[in-house]
Amino acid sequence: MKIESTFLIGVGIFFGCVAAIYWFLSYEDAGGMMLVGTCLLGLVPGSYYFFWHRRFRGHKYFFWGKTERVVGTRPEDRPDATIADGAGVISSFPGGSVWPFILGMGAFVLLLSFVFGVWLAMVGGSVILTALVGVTAESRRGGTH
Amino acid sequence: MTDVIAPPAGGGGGALIPGAGTDHLAHPHEEHGPSGLMKWITTTDHKVIGLSYMITAVALFYIAGLLALGIRVQLTTPAGTFISFQQYNQLFTMHGSIMLYLFAGPFAFGGLANYVVPLQIGAPDMAFPRLNALSYWLFLGGSTTMLLGFATSGGAADFGWVAYAPLSTSTYTPGTGEDLWIMALVLTGFSAIFTGVNLVATIFYLRAPGMTMFRMPIFTWNMLVTGILILIAFPVLTAALVMLFADRHFGTMIYAVTGCHTVTGAPDAHACGSAVLWQNLFWFFGHPEVYILALPYFGIVTEIFPVFSRKPVFGYKGMVFATMSIAALSTGVWAHHMFTTGTVLLPFFSLMSLLIAVPTGIKFFNWIGTMWRGQLVYKTPMLMSIGFLFAFLMGGVTGVMLASPPIDFFVHTTYFVVAHFHQVLFGSAVFGGFAGLYYWYPKMFGRMLNDTLGKWHFWLLFIGFWVTFMPQYILGLHGMPRRVASYPAHLGWQSLNIASTIGAFMIATSFLFLLANFWVSWRYPVPAGDNPWDAHTLEWFTTSPPPHHNYTHLPTIRSERPTWDYNHPEAPTIRHGGPSGPGHPNGHGPIGSGNGGPPGGGDGSAGARQGVPAS
Amino acid sequence: MDPSPTGNPSATRTDAAPGGPAAAPDAPEPGAAPARSRRSRWLGTAVLVAGGLLLAGCQLPTFGETKPVTTQGQDAIKLWQGFFIAGAIVFLIVFGLITWAVLRYRRRSDAMPRQTQYHTILEIIYTTVPVVIVLVLFGFTFVTENEVNALPTPKMSVTVTGFQWGWRFHYTTKNVTVIGVELQDPEMVLPVNEPTRIYLESHDVIHGFYVPAFDFSRYAQPGIINKFTITPHTTGTYRGQCTQYCGLYHSLMRFRVKVVSDAAFAAWVSTHHSSGPATSISTAEKQALTNSTPGAHTPNVPPSTVTSTATTNQTAGSTGL
């Protein structure tokens, strides 16, 4: 996790510097704002990873928050790790699901409604709502299709 | 069903015999759930989604290529009558939009990256499989939306792929096609953002044990950087498009200047939008986008050069830092597209743009260093990659010229720029992209593409490429503006335009060979085996095509080319100061005795990282 | 009023550059820098080529680019020559290296090549040398862009307005206005050897003011007035064209620039002074003119502010196609 956080914080610091230089050379609003935003895009997740890196040093942890004690850092961060060091649950992956398709088509119809008329928005909106309910229920059941 | 993925128990890490598994060609062994169309619709498997992306993107590439032929035919005569001005304007707008937004990007980060990145880092799938599926459906919806423009009465969008305001406001382009264009980009923009999130999360969280960040293949590194760039760039585009739509339909005055400006008097600053704001926002997206389109292809050729030179990639770490530098600088150069607006800080953007040449140069020397003293094998992927080198070299040199404002002043928006960015983008997306397709096709389908047809494809493409774009440089220097449907007859531009058109048709012909190649490989399959190229990275360790959740066994990972270390323990990478083995001196061989069962044979207990049903 | 919201560098340097635009820059010598970039056997050849070309001085070809007829264009073209030579040298070196690798290292045996991955010294060299080249190029760029963008005190000024799809040239102090639309190219007349300040703006969408013979272009944008100076030093008629895509008849949005002697210019002004015998065209005529172009599309009504002023039709005998 350390390299990941360094990488992102590096993005933040670089764009912080560029934003400062750019702003004081040009006083141009749009570019200045976007560079500050880019700086935050690096700093915020970078700090988050750094926090987890500090907090869970010596833990094996995954992005669902499950942690268990292991020696040292994550096996994928240790150059001498063997495949066996990664033993245990990696994560749960959903099987096939039709809801992403329905959600995508709902978004498609919804955006077309901006062009072809509001009536389409009702179709698109209800499809999206159905899909959201469906995908949530599917997740709560543990996934099926 | 949800699959809980469990790595091997105990001393797992079973040995897998490379080369086995060719018999899986006719027996896909991952049949969970539905088949046929429903399989493609309900899938959350990164491999199937990646294939959907690639098929869609390549189909769109052919469509946009046909549009380009229309453009070229129109320009063979000074007063072209092949199509009307209006059709011509639609053609170049849609050619650019489809190629840039719907082919070059999605083919790389939606298609190849989706397929290859989890395999290269030993992951069972992308981090968010359902989000991944949603990305694809949004992309398909967006592509359909953009093509729908041709079906409307006013035709497709005709304000250029950059949609400069105020031309793109409703006063000047009120049509439905333009609205569809905006909505298409909103959809594909969200699709790209989701894919970017997915790539970054996958690379951060799902690497196999021992696959440290600095052992990831360069392609994966480049996709990580591309993912970050997507997250920087695409939200800006989406926001800018929403504002443009509001200007067009809700009466806001963000970019619009109509009615608030008089020729003689000063504009009323409070009531007026800013035409330059759109350019600032668009290019803040647009220039990182150029590298979103280039970096994945850099990654592809960086995979291919070492494999076909039988050497490790030269200067691995320098390559990684060069990629990061390119990405970082690319976000600070957006206004080099706006030098002639007279409203930007010329020295800042000029210096930043020129500096990009440095990391790009490092990459070039690393590629050459990789080939140096190697044993080069000229299969189609390697030829395509060498084609990429020459194309990008020419595009890069002219790019340095364009980074200088006084030079940009007189070649900006002429055919010089057209030739430049085609050499850069065509060089990367077409040579690099199809190099990747030829390279990974055996992995995806378990069968080879025909090398003879591939060479025909390459040579026609390569010659056609130079015949098409070199005359355009000269035309640009002679002052032919881009996006014109006709030109004065007395200036002697016709012969150069005809040459360019001939080249375009050579390129088009070359892509018929690709279609033929697909047909041949479908009709007369040649089994590929697991590792037909004797390649280096992890994806060549598993079967072709890989099983559901990718791996039954993994080798011990001690360098950035685990499969090579496994197959060639006698030839480890030489690091500084002479030969020394990567990590453990004895770490190359099979780890443990393994279970010895047929890899991917559906035996869930056979070994590593196999999908286990949750309930 | 400074119409530029973002700190136009040329606007802030108003009336600077005491040496005037004619101050000749040192000939760029970028050829020398890249020559250092690779091994020594390239050095000799590159220095010879670059030096020979430099000795040729003004006789350097323009490498395809139009020969400039303005002093600003001459500055730009010198930079272009430098960049072209530098680019050509770099291109040839890298091209040679790739070609050599491709031809020389074709697979000849099954021998395992040495698995080299790093060569620190080499990597440092090929990082620092491009940095040096780039900084040198940037130095020349910086000098030239200040010369090209310099705004000396003008003797006269012309307000150029782009609109869909034509141009309007208004001679601010002379009360002369020229307009023309597609297939009826307007002609801007300029006196030779005099710095002319151009105020460039647009009435509707963004257009590009581009005269190849000036080796210069600038956007005409609504709400923003761009200022620049041109000092033509050769008489003649030069074609100009809109370069920024601006809608349906972008392809036909052309104009001409005629550079004449001082006396001829004075004569031209007196005949086209708005109180003189100008053939002005009415809005209706202009609209008919616009509609007569091919394509059966109704363009936007020409801007009333343009047509309501005294206008001069300068379009006799012009055919764009």
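Residues numbered from 1 in each chain as written. Chains lettered and ligands numbered in written order. Predicted model: local features only at pLDDT ≥ 70, side-chain atom pairs only at ≥ 80, totals over all residues. Heavy atoms only, no water.

### What about the overall build of chain A?
When helices and strands are tallied, chain A shows 4 helices and 3 strands. When the helices and strands of chain A are read in sequence order from the N terminus, they spell out α-α-β-β-β-α-α. Per element, the accessible surface of chain A, about 7300 Å² overall, is 72% carbon and sulfur. (Helix = DSSP H or I, 4+ residues; strand = E, 2+ residues; numbered from the N terminus. Areas by Shrake-Rupley, 256 points an atom, 1.4 Å probe, with all protein chains shown as cover.)

### Quick word on the packing of helix α9 (residues 346-371) of chain B against helix α10 (residues 380-402) of chain B
All names here are of chain B. Across the interface, α9 lies against α10 with an axial gap of 11 Å and an inter-helix angle of 155°. Judged by the inter-axis angle, α9 sits roughly antiparallel to α10. Handedness of the crossing formed by α9 with α10: left-handed. Contacts from L354, A357, T360, F364, W367 and M371 in α9 reach M382, F388, L389, F392, L393 and V400 in α10. (Axes fitted to C-alpha atoms, helices over the stretch in contact; angles between N-to-C directions. Parallel < 35°, antiparallel > 145°, perpendicular 65-115°, else oblique. Left-handed = near helix turned anticlockwise from the far one by under 90°. Contact = heavy atoms within 4.5 Å.)

### Regarding the interface of chain B and chain C
Each side of the interface is counted separately: chain B has 103 residues, and chain C has 97 residues. Counting each side, the surface lost to burial between chain B and chain C is near 8800 Å², with a carbon and sulfur contribution of 67%. Across the chain B-chain C interface, the total number found is 29 residue pairs in polar contact (both at pLDDT 80 or more). Of all the secondary structure elements, the ones that give two or more residues to the side of chain B that touches chain C are α3 (85-120), α7 (275-309), α8 (316-330), α9, α10, α11 (405-411), α13 (451-477) and β2 (574-575) of chain B. Class assignment of the residues belonging to the side of chain B that touches chain C gives a composition of 63 nonpolar, 29 polar and 11 charged. (Buried area = accessible area lost by both parts, 1.4 Å probe. Polar contact = N/O pair within 3.5 Å; in protein donor to acceptor, adjacent residues only side chain to side chain. Nonpolar A, V, L, I, M, F, W, Y, C, P; charged D, E, K, R; others polar.)

### Re α8 of chain B
Every α-helix winds through 3.6 residues per turn, so residues three or four apart in the chain are directed the same way. Taking 1.5 Å per residue as the helical rise, α8 of chain B with its 15 residues ought to reach 21 Å, and the 21 Å between its terminal C-alpha atoms agrees with that figure. With 11 of 15 residues buried, α8 of chain B is to be regarded as a mostly interior element. Within α8 of chain B, the full set of buried residues consists of Y316, G318, M319, V320, A322, T323, I326, A327, A328, L329 and S330 of chain B. Close packing links the buried residues of α8 of chain B with α1 (2-26) of chain A, α6 (218-249), α7 and α9 of chain B together with α5 (120-148) of chain C. (Expected span 1.5 Å × (residues − 1). Buried < 20%, exposed > 50% of the residue type's maximum accessible area, 1.4 Å probe, protein only.)

### Structural notes on the domain arrangement of chain C
All names here are of chain C. What the domain assignment lists for chain C is domain 1 (47-104 + 120-148) and domain 2 (156-319). Contact residues are listed per partner, giving 13 residues for domain 1 and 12 residues for domain 2. Summing both sides of the interface, domain 1 and domain 2 together bury roughly 980 Å²; the carbon and sulfur share of this comes to 52%. Interface area lost by domain 1 to domain 2 is led by V69, T70 and Q72, which between them contribute 53%. Linking domain 1 to domain 2 there are 0 salt bridges. Connecting domain 1 to domain 2 are 6 residue pairs in polar contact (both at pLDDT 80 or more). At 6 residues, the largest contribution of residues to the side of domain 1 that touches domain 2 is made by helix α4 (residues 71-104). (Domains from an automatic or database assignment. Salt bridge = Lys/Arg side-chain N within 4 Å of Asp/Glu carboxyl O.)

### Topic: the side chain of H170 of chain C
Residues and elements named next belong to chain C. Along the chain, H170 turns up in strand β2 (residues 166-171). Here the side chain of H170 touches T177 through a polar contact of 2.8 Å, side chain to side chain. With sequence-adjacent residues up to four places away left out, H170 is seen in contact with S157, V158, T159, V176 and T177.

### Things to note about empty space enclosed by the protein
Residue and element names in this part refer to chain B. Taken as a whole and assessed by the stated rule, the structure comprises 12 cavities of 30 Å³ or more. In this model, the second largest cavity occupies a volume close to 120 Å³. For the second largest cavity, the lining is made up of 14 residues, of which E303, P306, V313, H536 and T537 are closest to its centre. Per element, the largest residue contribution to the lining of the second largest cavity is 4 residues, and it comes from α7. Tallied by class, residues from the lining of the second largest cavity come to 8 nonpolar, 3 polar and 3 charged. (1 Å grid on protein atoms, 1.4 Å probe; cavity = no way out; pocket = protein on both sides within 12 Å on 5 of 7 lines; lining within 4 Å. Points joined across faces, edges and corners; volume = space filled by probe spheres on them.)

### A closer look at the interface of chain B and chain A
With 78 residues of chain B at the contact, the number on the chain A side is 64 residues. Roughly 6000 Å² is buried in total at the junction of chain B and chain A, and carbon and sulfur atoms are behind 76% of that figure. Of all residues in chain B, R130, F204 and Y205 of chain B bury the most surface against chain A, accounting for 13% of the area lost on that side. Across the chain B-chain A interface, the total number found is 3 salt bridges. Here R207 of chain B ties to E4 of chain A by a salt bridge, and the two come within 2.9 Å at their closest N and O atoms. With 10 residues, the top contributor of residues to the side of chain B that touches chain A is helix α4 (residues 129-148) of chain B. Each residue belonging to the side of chain B that touches chain A can be placed in one class, and the counts come to 52 nonpolar, 18 polar and 8 charged.

### A few points about the pattern of salt bridges
As a working rule, side chains carrying opposite charge can pair if their charged atoms are close by. Tallied over the entire structure, the rule returns 10 salt bridges over all chains. Among the salt bridges present, the one from D451 of chain B reaches K455 of chain B, with a minimum N-O distance of 3.1 Å. Here the residue D451 of chain B and the residue K455 of chain B both occupy positions in helix α13, the gap between them amounting to 4 residues, near one helical turn. Taking the relative accessible area as the measure of exposure, K455 of chain B reaches 29% and is therefore partly exposed. Connected through salt bridges with shared partners, the residues E4 and D77 of chain A together with R207 of chain B form a single ionic network.

### Observations concerning the environment of F321 of chain B
Position of F321 of chain B relative to the elements: it lies in helix α8. Each C-alpha atom of the pair F321 of chain B and Q279 of chain B lies 30 Å from the other, and the pair is 42 residues apart in sequence.

### Observations concerning the layout of surface pockets
All names here are of chain B. Taken as a whole, the second largest pocket encloses approximately 820 Å³ of empty space. As for the second largest pocket, its lining consists of 36 residues, of which A68, H95, M99, H422 and F469 are closest to the centre. A per-class count over the lining of the second largest pocket returns 27 nonpolar, 6 polar and 3 charged.

### With respect to the sheet that holds strand β9 (residues 236-242) of chain C
To summarise the sheet geometry, strands pair through backbone hydrogen bonds and adopt either a parallel or an antiparallel arrangement. All names here are of chain C. One open sheet accounts for 5 strands, arranged β4-β10-β9-β6-β7; its pairing is mixed. The two strands at the open ends of the sheet, each matched to only one other strand, are β4 (187-191) and β7 (216-220). Ignoring strand direction, the axes of neighbouring strands in this sheet form an average angle of 25°. Where strand β6 (residues 207-211) lies against β7, 5 bridges are found, and the strand directions are antiparallel. From the neighbouring strand, F209 faces β7, where its bridge partner is R218. (Pairing = 2+ DSSP bridges.)

### Notes on the packing of α7 of chain B against α8 of chain B
All names here are of chain B. Between α7 and α8, the shortest axis-to-axis distance is 9 Å and the interhelical angle comes to 165°. Put simply, α7 runs roughly antiparallel to α8. Crossing handedness for the pair α7 and α8: right-handed. For the pair α7 and α8, contact is made by H287, P288, Y291, L295, F298 and T302 and by M319, T323, I326, A327 and S330, respectively. Looking at the contact of α7 with α8 residue by residue, the classes come out as 7 nonpolar, 4 polar and no charged.

### As for the environment of T370 of chain B
Residue and element names in this part refer to chain B. The topology assignment puts T370 in helix α9. Overall, the relative accessible area of 0% leaves T370 in the buried class. Looking at T370, its side chain comes within polar contact range of the main-chain oxygen of N366, at 2.7 Å.

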